[in-house]
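Close look at the chain arrangement
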Amino acid sequence: MTMRRADTVYLDGRYMRCAEARISPDDRGFLFADGVYEVVRVYGGRLFEIGAHLDRLRRSLREIRIPSAAADGIDGICSGLIERCGLSQADATVYVQITRGAAPRGHAFPADGTPPTVYVSAAAVDEPPDACALGIGAILVPDTRWARCDIKSTALLPNVLARQMAVDRGAREALFIRDGVITEGTASTFCAVSSGSLLTHPLGERILPGITRTVVLRLCRELGIPAVERPVTVDSLSSIEEAMILSTTREIMPVTQIDGAAVGHGLRGPVTRRLQEAFAALTESARRG
Ligand SMILES: Cc1ncc(COP(=O)(O)O)c(C=O)c1O
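About the thresholds
Residues numbered from 1 in each chain as written. Predicted model: local features only at pLDDT ≥ 70, side-chain atom pairs only at ≥ 80, totals over all residues. Helix = DSSP H or I, 4+ residues; strand = E, 2+ residues; numbered from the N terminus. Rg over C-alpha atoms; globule rule 2.2 N^0.38 Å. Buried ≥ 20, exposed ≤ 12 C-beta atoms within 10 Å, placed from the backbone. Contact = placed C-beta atoms within 7 Å. Near = placed C-beta within 6 Å. Nonpolar A, V, L, I, M, F, W, Y, C, P; charged D, E, K, R; others polar. Pairing = 2+ DSSP bridges. Domains from an automatic or database assignment. Arc of directions from axis to C-beta. Expected span 1.5 Å × (residues − 1). Core = buried A, V, L, I, M, F, W, Y, C linked by C-beta atoms within 7 Å.

1. Looking at the overall build of the protein chain
Per the secondary structure count, the protein chain includes 7 helices and 17 strands. Relative to the compact-globule value of 19 Å for 289 residues, the protein chain shows a C-alpha radius of gyration of 19 Å, a close match. Dimensions along the principal axes, computed over C-alpha positions, put the protein chain at roughly 55 × 45 × 35 Å. When burial is assessed residue by residue, the protein chain has 40% of its 289 residues classed as buried. Taking the intrachain contacts of the protein chain between residues at least 6 apart in sequence as the baseline, contacts between residues at least 24 apart amount to 70%.

Take a look at the structure:
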């Protein structure tokens, strides 16, 4: 999948060319990664699961004590940006970032009334994903992240380092391990299929509450696929039938190798395929509106 950021962006109340956008070096997002973000998928110019993304954005803001009013009107801003970027019929992603704003450097919060910085960009998505059918390789890495992975914080250094480690080893995702279980990927939810049931880590502070995860659990109910919110242990990986990662950008992606070893038969499995087909039907109807 390739993504090309459109030239027009939104920053602090205005749409502008990206080349004209200016963020202060005092911005707390730059200095402290003191901010949160969302990535929303667009099908045929329409925002997918926007309500769930806005709820999660408001929750992230509340958890880090930025007034959640900063998220007011974001859906309209996203729609306005899609239109201005000429993406009204396109498949795309929209990136939203809100930081605690710009103020002289100091760890404690800046003065009341410091306006949050609100940035939104859009990128067209080109779909060639052979990987959707063929699957990808993943590696296992220690989960060195902080203890609040449920907040969609822009502080992503462990994720960045882990993903690069995957790239260096010819893999497409790194799966975090904590206390002998897979928590999630660097930018994805992890699921396995064992004895025909879908397994995924339960919600809590160790994983991001993925929007795709919620959609997939709903599809499992509709399709009669048993789903259990239980973590997958590293020790059980040799006996699972299928593995997949879920995310807004990668949707449902089979994982056919982990640390070089085949998962199951090393091919996309039937549960993954059924879920992909049901998900494609959902996105197709989102496209039609
Ligand atoms: C750490 C992490 N887990 C899970 C996900 C999947 O979440 P969603 O399905 O909402 O995109 C992401 C998405 O970027 C992520 O960064």
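2. Focus: the site of the ligand
In the region of the ligand, 13 residues are neighbours, and L208, G210, I211, T212 and T248 sit closest. At the level of secondary structure, the elements contributing two or more residues to the shell around the ligand comprise α6 (211-223) and β15 (242-247). Grouping the amino acids of the shell around the ligand by side-chain chemistry returns 5 nonpolar, 6 polar and 2 charged.

3. Notes on the pairing of strand β3 (residues 14-17)
Walk down a regular strand and you will see the side chains alternate between the two sheet faces. Relative to β3, strand β2 (residues 8-11) runs antiparallel, the two being bridged by 4 bridges. Note on β3: the bridge partner recorded for Y10 is Y15. With antiparallel pairing between neighbouring strands as the criterion, β2 and β3 make up a hairpin whose turn holds 2 residues, including D12 at a positive phi of roughly 45°.

4. Some thoughts on the domain arrangement of the protein chain
Considered domain by domain, the protein chain is made up of domain 1 (2-126) and domain 2 (131-288). Put simply, the middle of domain 1 and the middle of domain 2, counted by C-alpha atoms, are 25 Å apart. Of the residues lining the interface, 22 residues belong to domain 1; the matching set on domain 2 comes to 14 residues. For the side of domain 1 that touches domain 2, the secondary-structure elements that each account for two or more residues are β4 (35-43), α2 (50-63) and β6 (92-99). Sorting elements by how many residues they give to the side of domain 1 that touches domain 2 places β4 first, with 8 residues.

5. What to know about the pairing of strand β16 (residues 251-258)
Most of β16 sits inside the fold, with 7 of its 8 residues counted as buried. Both strand β8 (residues 136-142) and β16 contribute to a ladder of 3 bridges, which runs parallel. The residue of β16 that forms the bridge with G137 is Q257. Relative to β16, β15 runs antiparallel, the two sharing 4 bridges. What sits directly across from L246, in β16, is I252. Here β15 folds back onto β16 in antiparallel fashion, the turn holding 3 residues.

6. As for helix α3 (residues 74-84)
Taken as a whole, α3 has its buried residues at I74, C78, L81 and I82. All buried residues of α3 project into a common sector of 100° when viewed along the axis, lining one side. Two residues or fewer after α3 comes G86, characterised by a positive phi angle close to 70°.

7. Some thoughts on helix α7 (residues 270-288)
Taking 1.5 Å per residue, 19 residues should reach 27 Å; α7 reaches 27 Å between its end C-alpha atoms and fits that length. Those residues of α7 lying buried are V271, T272, L275 and Q276. The arc enclosing the buried residues of α7, seen along the axis, measures out at 125°, which places them on a common side. The outward face of α7, more than 90 degrees from its buried face, is lined by the exposed residues P270, E277, A281, E284, S285 and R288. At its buried positions, α7 is contacted by α4 (131-134), β11 (189-194), β12 (197-200), α6, β15 and β16. Of the residues one or two after α7, G289 is the one with positive phi, at around 90°.

8. Some points on the nonpolar core
Among the nonpolar cores identified, the biggest contains 35 residues, and A138, M244 and V255 are the most heavily contacted of them. The dominant element in this core, judged by the number of residues it contributes, is α6, at 5 residues. Beyond its immediate sequence surroundings of up to four residues, A138 is in contact with A166, A171, R172, E173, A174, L175, V255 and I258.

9. A closer look at the environment of T212
Position of T212 among the secondary structure elements: in helix α6. The exposure class assigned to T212 is buried, which follows from the 23 C-beta atoms found within 10 Å. Expressed as a C-alpha distance, the spacing of T212 and F279, which sit 67 residues apart in the sequence, is 9.5 Å. Every residue in contact with T212, bar those within four places of it in the chain, is listed here: T189, L246, S247, T248 and E251.

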